[in-house]
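Notes for the structure review
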Amino acid sequence: MRDQKLWTWHLAAGAIILFLLGLHMAIMHLDALLGIFNPAGGHPIDWANVVARGQSLAFTVTYILLLGAALFHGLYGLRNILFELDPAPPLKKALSWVLILVGVGLFIFGTWAAWVGHQVASLT
Amino acid sequence: MEKDRRHPNRLGIWGWVGGGSWGPDRYLYTLHRITGLGLLAYFLVHVVVTSSRALGEGAWEASMARVSGPLFVLGEYLVFVAFAFHAINGLRLFFAELGWGIGKPIEPIYPYRTCLDDQRPWALGALLLIAVLVVVGALDFFVWH
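For every chain, the first residue of the written sequence is number 1, and numbering continues from 1 onward in sequence order. By the order in which they are written, chains take letters starting at A while ligands take numbers starting at 1. Residue-level local features of this predicted model are given only where pLDDT is at least 70; pairs of side-chain atoms are given and counted only at 80 or more, and the full residue set underlies all totals for whole chains, interfaces and linings.

1. Some remarks on the overall build of chain A
Runs of E in the DSSP output that reach at least two residues are strands. Runs of H or I that reach at least four are helices, and both are numbered from the N terminus. Along the backbone of chain A there are 4 helices and 0 strands. N-terminal to C-terminal, the α/β element order of chain A is α-α-α-α. Note that the radius of gyration is over C-alpha atoms, with the globule rule given as 2.2 Å times the number of residues to the power 0.38. A globule of 124 residues ought to have a C-alpha radius of gyration of about 14 Å, yet chain A, at 18 Å, is considerably larger. With the C-alpha coordinates aligned to their principal axes, the bounding extent of chain A is approximately 55 × 30 × 20 Å.

What follows is the structure, given as structure tokens:
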């Protein structure tokens, strides 16, 4: 039952990622074709463009949502692959805890970076 | 004597590519896993690298300078290709998981009509869309810039 719920969340996270990462990829890597959300022109990673996107609260919120969805989807997928190798039960438990700690740690760090980045951009 | 914990039919990583006469879906499955692991590895580093924008323009520019150059452009393109494959094939798997477009269950008699008539066209359509994205991505990465 628990695994069924986690799998359902895995699929839901995949749907969120498909939309948000698709948008992120289009902004960052199809810029010559689409040129969206790069108001300063030039390259999408130029500081002026980073600031322009960072000033938007909507962008900041979607960064955090994408971060959470991608960490869960990726680390749960990795857990499934590792569990298929049939490790001993204590190792399964240890792996789960390591992945939870990595996920929660990176989520807190990434959320801090997105929020402070939003404040830095707003002051620029 | 230690009890054998292994389950039958569990081939481990070897089973991704070998251990039987696999059809095309098995190789899509293998590629889905390889691209997923690659994207996860990139993403974990990406979170750390891009967090430098929280420290201001100087830190951002220094951070971006460390990951620039032709090799990184090629690497980013491979990430784009992995994303295109994982996203589109993942969408196909999402529909299959929900039972959409995979045909009615019938007795599995060779040549497996539901597989050939209902599921294979989805796989071919997905591959076609991935190919288009890979080409457009290559143009954007290497030609239009």
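2. Details of the overall build of chain B
What chain B contains, in helices and strands, is 5 helices and 0 strands. The linear arrangement of helices and strands in chain B, starting from the amino end, is α-α-α-α-α. Here chain B has a C-alpha radius of gyration of 21 Å; the compact-globule value for 145 residues is 15 Å, and the former is much larger. Summarising its shape, the C-alpha atoms of chain B cover approximately 65 × 55 × 25 Å along the three principal directions. Partly exposed residues are those whose C-beta has more than 12 but fewer than 20 other C-beta atoms within 10 Å; with 20 or more the residue is buried, with 12 or fewer it is exposed, and the C-beta atoms are placed from the backbone. Across the 145 residues in chain B, those meeting the buried criterion constitute 14%. The contact criterion used here is simple: two residues whose C-beta atoms, placed from the backbone, lie within 7 Å are in contact. Residue pairs at least 24 apart in sequence account for 61% of intrachain contacts in chain B once pairs closer than 6 positions are excluded.

3. So, the packing of helix 1 (residues 2-29) of chain A against helix 3 (residues 57-84) of chain A
Residues and elements named next belong to chain A. Only the contacting stretch of a helix is used when fitting its axis, a line to C-alpha atoms as for every element, and angles between N-to-C directions run 0 to 180 degrees. Contact geometry of helix 1 with helix 3 gives a least axis separation of 8 Å together with a crossing angle of 130 degrees. On the basis of the axis angle, helix 1 is oblique to helix 3. Considering only the axes of helix 1 and helix 3, their crossing is left-handed. In this structure, helix 1 contributes Leu6, Trp9, His10, Ala13, Gly14, Ile16, Ile17, Leu20, Leu21 and His24 to the contact, and helix 3 contributes Thr62, Leu65, Leu66, Ala69, Ala70, Phe72, His73, Tyr76 and Gly77. Amino acids are sorted into nonpolar (Ala, Val, Leu, Ile, Met, Phe, Trp, Tyr, Cys and Pro), charged (Asp, Glu, Lys and Arg) and polar (every other residue, Gly among them). A class-by-class count of the residues in the contact of helix 1 with helix 3 yields 13 nonpolar, 6 polar and no charged. Roughly parallel means an angle under 35 degrees; roughly antiparallel means over 145; roughly perpendicular covers 65 to 115; every other angle is labelled oblique. By convention, the crossing between two helices is left-handed when the near helix turns anticlockwise from the far helix through less than a right angle, and right-handed when the turn is clockwise.

4. Here we look at the interface of chain B and chain A
On the side of chain A, 31 residues touch chain B, which itself brings 32 residues to the contact. Broken down by secondary-structure element, the contributors of at least two residues to the side of chain B that touches chain A are helix 2 (24-50), helix 3 (57-66), helix 4 (70-97) and helix 5 (113-143) of chain B. Tallying contributions element by element places helix 4 of chain B first for the side of chain B that touches chain A, with 7 residues. Split by residue class, the side of chain B that touches chain A holds 15 nonpolar, 8 polar and 9 charged.

5. Focus: the packing of helix 3 of chain A against helix 4 (residues 89-123) of chain A
Two numbers describe a pair of packed helices, the interaxial angle and the distance between the axes. All names here are of chain A. Their axes nearest at 10 Å, the elements helix 3 and helix 4 cross at an angle of 165 degrees. Comparing the axis directions of helix 3 and helix 4 gives the class roughly antiparallel. The hand of the helix 3/helix 4 crossing is right-handed. For the contact of helix 3 with helix 4, the per-class residue count stands at 17 nonpolar, 7 polar and 2 charged.

6. Here's the deal with the environment of B:Leu93
Note on placement: B:Leu93 falls in helix 4. With 13 residues separating them in the primary sequence, B:Leu93 and B:Ile106 have C-alpha atoms 20 Å apart.

7. Re the environment of A:Asn80
All names here are of chain A. Considering the arrangement of structural elements, one finds asparagine 80 in helix 3. Asparagine 80 sits in the partly exposed class, given 14 other C-beta atoms within 10 Å. Along the backbone, asparagine 80 and tryptophan 7 are 73 residues apart, and their C-alpha atoms lie at a distance of 9.8 Å.

8. Looking at the nonpolar core
Note on definitions: a nonpolar core is a set of buried residues drawn from Ala, Val, Leu, Ile, Met, Phe, Trp, Tyr and Cys, linked by C-beta atoms within 7 Å. Counting 30 residues, the largest nonpolar core has A:Ile17, A:Leu66, A:Ala69, A:Ala70, A:Leu71, B:Phe83 and B:Ala84 as the members making the most contacts within it. Contributions of two or more residues to this core are made by helix 1, helix 2 (47-54), helix 3 and helix 4 of chain A together with helix 2 and helix 4 of chain B. Considering every element that reaches this core, the biggest residue donor is helix 3 of chain A, with 9 residues. If we ignore the near neighbours within four places in the chain, the residues touching B:Ala84 are B:Ile130, B:Leu133, B:Val134 and B:Gly137.

9. A few points about helix 2 of chain A
Every buried residue of helix 2 of chain A is accounted for by A:Asn49, A:Val50, A:Val51, A:Arg53 and A:Gly54. On its buried side, helix 2 of chain A packs onto helix 3 and helix 4 of chain A together with helix 3 of chain B.

10. A short note on the confidence of the model for chain B
In this model, chain B carries an average pLDDT of 89, and 92% of its residues clear a pLDDT of 70 or more. On the interface metric, ipTM, the complex scores 0.92, and its pTM is 0.90. Known as pLDDT, the predictor's per-residue confidence is scaled from 0 to 100.

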